[in-house]
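Report on the structure
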Amino acid sequence: MNSSKPPITGNFCLGVWQKSGPSSYQLNHFALGFDSSSNFIGPVQIQESVTVNHKADQYAGTFTIDQFDPAGNPQGHVAGNVTATRVSVDTPVGDVL
């Protein structure tokens, strides 16, 4: 998963997903958080609940992001909606931006 955060803040994360319904999935991702001065501020947990469309080329759902300090203490919480579209080898850059 690649977030839209600047690379200096750790925009890639690792995680797992599990099927939770006919076209639905639960995702659990972990990233390392950094401030704008490249100082480690702690781990970040990103959780999503998404449903894939019938063509399996888009999904939509909800997400939460929880920031922790290096000792594991909660520092912040964000919740919202997420959408995505599958990219293929033929997808032009204009369709991604």
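Per-residue confidence for the chain averages 87 on the pLDDT scale, and 87% of its residues sit at or above 70. No element of the chain has a lower mean pLDDT than helix α1 (residues 93-96), which averages 77, and none a higher one than strand β4 (residues 58-68), which averages 96.

Moving on: the packing of aromatic side chains. Given two aromatic rings, their pairing is described by the distance between the two centres and the angle made by the two planes. Under the criterion given, the structure shown has 2 aromatic pairs. Centre to centre, the rings of Trp17 and Tyr25 are 5.2 Å apart; their planes meet at 75°, and the pair counts as edge-to-face. A relative accessible area of 59% means that Trp17 is categorised as exposed. Seen from their ring centres, Phe34 and Phe40 are 5.7 Å apart, and the 65° between their planes marks the pair as edge-to-face.

The next thing to look at is the pattern of salt bridges. Under the definition given, this model contains 1 salt bridge. Note that Asp57 and Lys55 form a salt bridge whose closest N and O atoms lie 3.9 Å from each other.

Time to look at the environment of Ala56. Turning to its location among the elements, Ala56 is positioned in the loop between β3 (40-52) and β4. Using a relative accessible area of 35% as the deciding quantity, one classes Ala56 as partly exposed. Counting along the chain gives 29 residues from Ala56 to Thr85, while the straight-line C-alpha distance between them is 9.1 Å.

Criteria and cut-off values
- Throughout, a residue's number is its position along its own chain's written sequence, starting from 1.
- Local features are withheld for residues below a pLDDT of 70 in this predicted model, meaning they are given only at 70 or higher, and side-chain atom pairs are given and counted only at 80 or more; totals for whole chains, interfaces and linings count all residues.
- The side-chain numbers reported here are obtained from all heavy atoms of the structure, hydrogens and water having been left aside.
- Per-residue confidence from the predictor is reported as pLDDT, a score between 0 and 100.
- Each helix is a run of H or I in the DSSP string that is no shorter than four residues. Each strand is a run of E no shorter than two, and both are numbered from the N terminus.
- Here a pair means two rings of Phe, Tyr or Trp (six-membered ring of Trp) with centres within 6.5 Å. Their orientation is stacked below 30 degrees between planes, edge-to-face above 60, and tilted elsewhere.
- Here's how the labels work: a residue is buried when its accessible area is under 20% of the maximum for its type, exposed when over 50%, partly exposed in between, all with a 1.4 Å probe on protein chains only.
- Throughout this description, the term salt bridge denotes a Lys or Arg side-chain nitrogen within 4 Å of a carboxyl oxygen of Asp or Glu.

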